[in-house]
Amino acid sequence: DTEVTQTPKHLVMGMTNKKSLKCEQHMGHRAMYWYKQKAKKPPELMFVYSYEKLSINESVPSRFSPECPNSSLLNLHLHALQPEDSALYLCASSQDLYSQETQYFGPGTRLLVL
Amino acid sequence: DAKTTQPNSMESNEEEPVHLPCNHSTISGTDYIHWYRQLPSQGPEYVIHGLTSNVNNRMASLAIAEDRKSSTLILHRATLRDAAVYYCIRTPNFGNEKLTFGTGTRLTIIP
């Protein structure tokens, strides 16, 4: 099973709302990632977790708060977002960091901030 | 800075081979070349990767120039399902934890 699942598929939220995106994998991967993809643009890395610890934060605003409660789950907590944060949020996983392992991507959560 | 250059778009006829070029003239001796593609409304998916030698798998072939300043992804027989944005990505030898996607090549397959 090489599947990364993401929920919800779509999300609409107001600027004062708090919501969470969820990502799950059961491949035994120890590295997990969040990417942001604006329309017609390539994905951009946001966060990297390795063995459930935050390894890389690409200077993402604090209104995005990642969490890795266990090796299979990755959450992205959203609070006080701006309309320009509307995008496709992609989760990925790989066996580990510091190798040439394939990253497996989920289908993404399409977020609209009103 | 994606450090790779690809044409913005290409077209190919169905059932014909497709050669997708990528320029990485500043590549270091230990950087790998990865290719991912993103089909419409999906997340990116891995296609192939290599270091120096040409590589083949069930999806594609990767031809790396002898000086490693460029590479070509080869789809041997394009189908409509191969219509996607193809990304050529350099990764350092110590790991690919930071995939830096460039703008990619949008491949259109003509029936």
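Our subject is the structure that appears above.
These notes cover the structure that comes with them. Within each chain, residue numbers correspond to sequence positions counted from 1 in written order. Here every chain gets a letter starting at A, and every ligand a number starting at 1, in the order they are written. Note on the predicted model: pLDDT of at least 70 is required for a residue's local features to be given, and 80 or more for side-chain atom pairs to be given and counted; whole-chain, interface and lining totals, by contrast, use all residues. The side-chain values count all of the structure's non-hydrogen atoms but skip hydrogen atoms and water molecules.

### Here we look at unusual backbone geometry
Going by this rule: Strands here mean DSSP runs of E at least two residues long; helices mean DSSP runs of H or I at least four residues long; both are numbered from the N terminus. Exposure classes here rest on a 1.4 Å probe applied to the protein chains alone. A residue is buried below 20% of its type maximum, exposed above 50%, and partly exposed in between.
Following Thr 7 of chain A, the chain continues into Pro 8 of chain A via a peptide bond in cis, with omega recorded as -5°. Within the fold, Pro 8 of chain A resides in the loop between strand S1 (4–7) and strand S2 (10–13). Phi at Ala 80 of chain A takes a positive value of approximately 55°, unusual for a residue other than glycine. Within the secondary structure layout, Ala 80 of chain A lies in the loop between strand S8 (73–79) and strand S9 (87–94). In this model, Arg 68 of chain B sits at a positive phi of 65°, which is unusual for a non-glycine residue. Classification of Arg 68 of chain B as buried rests on a relative accessible area of 8%.

### Brief notes about the interface of chain A and chain B
Stated precisely, the cut-off is as follows: Note on contacts: a residue pair qualifies if any of its non-hydrogen atoms lie within 4.5 Å across the two residues. Joining two parts hides part of their accessible area as seen by a 1.4 Å probe, and the buried area is that hidden amount summed over both. Here a salt bridge means any side-chain nitrogen of Lys or Arg lying within 4 Å of a carboxyl oxygen belonging to Asp or Glu. For the purposes of these results, a polar contact is taken to be a pair of N or O atoms within 3.5 Å, where, inside protein, one atom must be able to donate a hydrogen and its partner to accept one; residues adjacent in sequence count only when each atom of the pair is a side-chain atom. Throughout this entry, Asp, Glu, Lys and Arg are counted as charged residues, while Ala, Val, Leu, Ile, Met, Phe, Trp, Tyr, Cys and Pro are counted as nonpolar. The remaining residues, Gly among them, count as polar.
Opposite the 22 residues of chain A that make contact, chain B presents 22 residues. The three residues of chain A that bury the most area against chain B are Tyr 98, Gln 100 and Phe 105 of chain A, which together make up 34% of that side's buried surface. Taken together, the links from chain A to chain B amount to zero salt bridges. Our enumeration of links across chain A and chain B arrives at two residue pairs in polar contact (both at pLDDT 80 or more). Elements supplying a minimum of two residues to the side of chain A that touches chain B: strand S4 (31–37), strand S5 (44–50) and S9 of chain A. Classifying every residue of the side of chain A that touches chain B gives 13 nonpolar, six polar and three charged.

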